[in-house]
Amino acid sequence: MHTQFVNEYHRLIKNLHMTDGYIFNHFAQKLAPFDLSVQQYIALRRLSEVFPDSLTAGELKEKMTDLNSDMTRLTDRLIAKNLVVREVDAQNRRRVNLRLTEESYQFVEKVAADFKDFESVVNHLTDEEVRIMNTCLDKIRNR
């Protein structure tokens, strides 16, 4: 069945939505053997970038790609999996920090190594196609 579009802009929006789903599912399949969701992996990667230091939930949320993520639920799941620890800040008792343990840092590094070919979802595009797409996508978000 061929979908009729009102115009090419409508087709573009549908294509962006479908492509987002395609890429998300591609990553979800790669992370399934590690029992991680895409959001959990992104959170762990952001924490690994500052390891052995920590981030507050607010700082972590700022570094996430999904602006609507439920940070409390996400971090609770990572804590339940013993991948993240929650600690009260010694200088400010109202501040709660999230940190990887040494073991979870090693786990994240292993997952990242196994996940290093994540670009395979787009590596069939030419350099020029990638440049044009990046320019257009940046323009959509920064109008």
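Refer to the structure presented above.
Residues numbered from 1 in each chain as written. Predicted model: local features only at pLDDT ≥ 70, side-chain atom pairs only at ≥ 80, totals over all residues. Heavy atoms only, no water.

**Student:** I keep staring at the sheet that holds strand 1 (residues 55–56) and nothing clicks. Help me out?
**Tutor:** To summarise the sheet geometry, strands pair through backbone hydrogen bonds and adopt either a parallel or an antiparallel arrangement. Read from one edge to the other, the open sheet built from 3 strands follows the order 1-3-2, with strand pairing classed as antiparallel. The open sheet is flanked by strand 1 and strand 2 (84–88), the only strands paired with a single partner. With 2 bridges connecting them, strand 1 and strand 3 (residues 96–100) associate as antiparallel partners. Note that in strand 3 the partner of T56 across the bridge is N97. Relative to strand 3, helix 2 (residues 38–50) is tilted by about 90°, and along the sheet it contacts strand 1, strand 2 and strand 3. Of the strands in this sheet, strand 2 and strand 3 touch helix 4 (residues 71–80), which is tilted by about 110° from strand 2. (Pairing = 2+ DSSP bridges. Helix = DSSP H or I, 4+ residues; strand = E, 2+ residues; numbered from the N terminus. Contact = heavy atoms within 4.5 Å. Axes fitted to C-alpha atoms, helices over the stretch in contact; angles between N-to-C directions.)

**Student:** Help me understand the pattern of salt bridges, please; the structure alone is not making it clear to me.
**Tutor:** Pairing is possible between side chains of opposite charge, provided their charged atoms come close. Under the definition given, this model contains 11 salt bridges. Note that E59 is salt-bridged to R95, the shortest N-O span being 3.5 Å. In this pair, E59 is assigned in helix 3 (residues 57–63) and R95 in the loop between strand 2 and strand 3, connecting sequence segments 36 residues apart. Note that R95 is salt-bridged to D89, the shortest N-O span being 3.3 Å. You can call D89 buried: its relative accessible area is 12%. A single salt-bridge network, built from bridges that share partners, covers E59, D89 and R95. (Salt bridge = Lys/Arg side-chain N within 4 Å of Asp/Glu carboxyl O. Buried < 20%, exposed > 50% of the residue type's maximum accessible area, 1.4 Å probe, protein only.)

**Student:** I keep staring at the packing of aromatic side chains and nothing clicks. Help me out?
**Tutor:** Aromatic rings in a pair are described by how distant their centres are and how their planes are angled relative to each other. By the definition in use, this model includes 2 aromatic pairs. When the centroid spacing of 6.3 Å and the interplanar angle of 75° are considered together, the rings of F34 and F107 count as edge-to-face. Note that F34 is positioned in the loop between helix 1 (8–31) and helix 2 and F107 in helix 5 (residues 102–114), a separation of 73 residues in sequence. Given a relative accessible area of 23%, F107 falls into the partly exposed group. Seen from their ring centres, F51 and Y105 are 4.2 Å apart, and the 10° between their planes marks the pair as stacked. In this pair, F51 sits in the loop between helix 2 and strand 1 while Y105 sits in helix 5, placing the two residues 54 residues apart along the sequence. A residue is classified by how much of its surface remains accessible, and Y105, at 21% relative accessible area, is partly exposed. (Phe/Tyr/Trp six-rings, centres within 6.5 Å; stacked < 30°, edge-to-face > 60°.)

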